[in-house]
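Now for the letters of each chain:
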Amino acid sequence: MKLLVVGATGFIGGEVLRQALRNPAITSVVAITRREIPPPAEHGDKFRCFVLEDWISEYPESLQNIIKGADACIWSLAITPSQSRNMDFAHVTTVCYDYTLHALKSMAVLANKPFHFIYVSGVLIERDQTKELSYLAEYRHMRGRTENALLEFADKAETGSVQVTSTKPGAIDGPGPKATPDAVAKALFNMFGHTPRVHVSELAAAMIDQAQNGITKDPLWSDELAEIGKRVLKEEDYLK
């Protein structure tokens, strides 16, 4: 299996990369990044990094050749809600929406069929564009439009050729003490009726499972991601 990982320099993408390299069923891992990632000490023979400078123009032929034959992409590249508050929203939209849609369209014509595209979103992201939101409304609606556009592309593709799901974690735990969401975020999490926490290793394992075995559901919430992750992980597989 050939897996594309976008956002591999981040917290979530880095854990996806770590697990993918250790997974014997994945024979090739391609990280598409904005900065170089050095080859890992282990399993470097199946790792390749491509630094992409222009994310909204036609992909260079060299990258197109690398994408050919890919089976899945796990996409965790985004500007976070907290980062977006201090940035020009047009730029935030370009990164979160335009980069993502352009990537799926570019990858789908080159990849194997079915092509599985797993998009990292969040529990607060809202697909319903008519819903009034009191907190980060513009950002949450924009990310929701991204989810909608990904699904629409898959629906219009040749039957079964593209499968898409969005993962919707709340708080993401890692090694060390658990971070406590602020009061506003905690109140918002509670509105959804889903367990808001998931360990980053469970999240990564669940997405890799969807990439390998096919999309089972859209969207996937924290409790569902945790259930899949716990099923496929051993204790020693967790990020320490």
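Residues numbered from 1 in each chain as written. Predicted model: local features only at pLDDT ≥ 70, side-chain atom pairs only at ≥ 80, totals over all residues. Heavy atoms only, no water.

In the nomenclature of an unreviewed UniProt entry, the protein chain is known as NAD(P)-binding domain-containing protein of Talaromyces islandicus.

If you walk across this open sheet you meet the seven strands as β3-β2-β1-β4-β5-β6-β9, and the pairing is parallel. Two strands lie at the open edges of the sheet, namely β3 (47-51) and β9 (220-221), each paired on one side alone. Pairing of strand β1 (residues 2-6) with strand β4 (residues 72-75), which is carried by four bridges, proceeds in the parallel orientation. Bridging across to β4, Val-5 finds its partner in Ile-74. (Pairing = 2+ DSSP bridges. Helix = DSSP H or I, 4+ residues; strand = E, 2+ residues; numbered from the N terminus.)

What follows covers unusual backbone geometry. Both trends apply: most residues other than glycine have a negative phi, and most peptide bonds are in trans. Across the junction of Lys-113 and Pro-114, the peptide omega takes the value -5°, indicating a cis bond. One can find Pro-114 in the loop between α4 (89-108) and β5 (115-120). Here the residue pair Asp-218 and Pro-219 is connected by a cis peptide bond, since its omega of -10° sits within 30 degrees of zero. Inspection of the secondary structure puts Pro-219 in the loop between α7 (200-213) and β9. A positive phi angle, near 60°, is found at His-43, a position not held by glycine. Relative to the helices and strands, His-43 is located in the loop between β2 (28-33) and β3. Among the residues examined, His-43 registers a relative accessible area of 36% and is labelled partly exposed. In the Ramachandran plot, Leu-136 falls in the positive-phi region, its phi being about 50° despite a non-glycine side chain. If you trace the backbone, Leu-136 turns up in the loop between β5 and α5 (137-156). Given the relative accessible area of 23%, Leu-136 is considered partly exposed. (Buried < 20%, exposed > 50% of the residue type's maximum accessible area, 1.4 Å probe, protein only.)

Its 14 residues give α7 an end-to-end C-alpha distance of 20 Å, which sits within 8% of 20 Å, the value for a rise of 1.5 Å per residue. For α7, the full list of buried residues reads Val-200, Ser-201, Glu-202, Leu-203, Ala-204, Ala-205, Ala-206, Met-207, Ile-208, Asp-209, Gln-210 and Ala-211. Positive backbone phi, at 105°, marks Gly-214, one or two positions downstream of α7. (Expected span 1.5 Å × (residues − 1).)

What follows is about the packing of α7 against helix α8 (residues 222-232). It is the contact of α7 with α8, at a shortest axis distance of 7 Å, that shows an interaxial angle of 85°. When the axes of α7 and α8 are compared, the pair comes out roughly perpendicular. Contacts from Glu-202, Leu-203, Ala-205, Ala-206, Asp-209 and Gln-210 in α7 reach Leu-225, Ala-226, Ile-228, Gly-229, Lys-230, Arg-231 and Val-232 in α8. Split into classes, the residues belonging to the contact of α7 with α8 amount to seven nonpolar, two polar and four charged. (Axes fitted to C-alpha atoms, helices over the stretch in contact; angles between N-to-C directions. Parallel < 35°, antiparallel > 145°, perpendicular 65-115°, else oblique. Contact = heavy atoms within 4.5 Å. Nonpolar A, V, L, I, M, F, W, Y, C, P; charged D, E, K, R; others polar.)

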